[in-house]
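Listed below are the residues making up each chain.
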Amino acid sequence: MAAKVDEELKRAFQELQQKMITTTQQLKVSDMQIETLKRQITHKALVEQELSKLSDDTKTYEGVGRMFILQPMPVVKSHLEKKVKVSEEKIKTIESQKVYLERNMKESEDNLRELVMAKQQARS
């Protein structure tokens, strides 16, 4: 009986360890994605700041793929604003995914603790 219980606990510990490794990797990826998006937002803010110093009739070119297209200043500014909004939305989405992953990992740990306690009480 004790060997069977030990096997069950061993399997549960292995599953938790695997889940924690996977979750930790996903959390690190999420952190890196958030940092990248924050850097992009900062870059776009700096570009917008520099563009605001120029007059609206200044010729501006916007990068599209491997080429540059002549665009009016208001169009370039609106594109920058849209890109910032998209990046901020992505950050919110990634942060909500992180919360879910952390909660899921915590629940798994709690379930394992409950299993260990139940087995200890069953032995007594």
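Just so you know, these numbers come straight off a predicted model, no measurement behind them.

About the thresholds
- In every chain, residue numbers begin from 1 and rise along the written sequence.
- Per-residue local features are limited, in this predicted model, to residues with pLDDT of at least 70; the limit for side-chain atom pairs, both in listing and counting, is 80 or more; totals at the level of whole chains, interfaces and linings are taken over all residues.
- For the side-chain quantities, the full set of heavy atoms in the structure was used; hydrogens and water were omitted.
- Strands here are runs of E lasting at least two residues and helices are runs of H or I lasting at least four, both read from the DSSP assignment and numbered beginning at the N terminus.
- Each radius of gyration reported is based on C-alpha atoms, and the globular scaling rule is 2.2 Å times the count of residues to the power 0.38.
- Relative accessible area decides the class of each residue, using a 1.4 Å probe on protein chains only: under 20% of the type maximum gives buried, over 50% gives exposed, and in between gives partly exposed.
- Two residues qualify as a contact provided that any one of their heavy atoms is within 4.5 Å of a heavy atom in the partner residue.
- Asp and Glu count as negative and Lys and Arg as positive, but His and the ends of the chain are not part of the count.
- Here the site of a charge means NZ on Lys, CZ on Arg, CG on Asp, or CD on Glu.
- Salt bridges are defined as contacts in which a side-chain nitrogen from Lys or Arg sits within 4 Å of a carboxyl oxygen from Asp or Glu.
- Strands were regarded as paired on the criterion that DSSP finds at least two bridges between them.

*Asks:* Where do I start with the overall build of the protein chain in this structure?
*Replies:* The helix and strand inventory of the protein chain stands at two helices and two strands. The secondary structure elements of the protein chain, listed N-terminal to C-terminal, are α-β-β-α. Its C-alpha atoms give the protein chain a radius of gyration of 26 Å, clearly above 14 Å, the size a compact globule of 124 residues would have. Its C-alpha atoms put the protein chain at 85 × 25 × 15 Å along the principal axes. Out of the 124 residues belonging to the protein chain, those deemed buried represent 24%. In the protein chain, the share of contacts with a sequence separation of at least 24, taken over all contacts with a separation of at least 6, comes to 69%. Across the protein chain, the 23 positively charged side chains and the 20 negatively charged ones have centroids separated by 3 Å.

*Asks:* So what exactly am I meant to see when it comes to the pattern of salt bridges here?
*Replies:* Oppositely charged side chains are able to pair whenever their charged atoms sit close together. A complete count under the given rule lists five salt bridges for this structure. A salt bridge links Lys 53 to Glu 50; its shortest N-O distance comes to 3.3 Å. Classification of Glu 50 by relative accessible area gives partly exposed; the value is 45%. Between Asp 110 and Lys 106 there is a salt bridge whose closest N-O contact spans 3.8 Å. Taken together, the residues Asp 110 and Lys 106, both in helix α2 (residues 73-123) and four residues apart, mark about one turn of the helix. A relative accessible area of 28% means that Asp 110 is categorised as partly exposed. Note on Lys 106: relative accessible area 46%, which makes it partly exposed. Sharing partners across several salt bridges, the network here consists of Lys 106, Asp 110 and Arg 113.

*Asks:* What should I look at first to understand the environment of Met 105 in this one?
*Replies:* In this structure, Met 105 sits in helix α2. The sequence separation of Met 105 and Leu 70 amounts to 35 residues, and the corresponding C-alpha distance is 50 Å. Residues in contact with Met 105, not counting those within four places in the same chain, are Met 20 and Thr 23.

*Asks:* Quick question: what am I supposed to make of the environment of Lys 82 here?
*Replies:* Position of Lys 82 relative to the elements: it lies in helix α2. Taking the C-alpha atoms as reference, Lys 82 lies 11 Å from Ile 41; in sequence the two are 41 residues apart.

*Asks:* Would you take a moment to explain the pairing of strand β2 (residues 67-71) for this structure?
*Replies:* Two faces make up the sheet, and in a regular strand the side chains alternate between them. Across five bridges, the pairing between strand β1 (residues 60-64) and β2 is antiparallel. Counterpart to Glu 62 in the pairing with β2 is Ile 69. Counted along the chain from β1 to the antiparallel partner β2, the turn is two residues long, and its residue Gly 65 has a positive phi close to 65°.

Everything listed here is a matter of geometry and, on its own, says nothing about what the molecule does.
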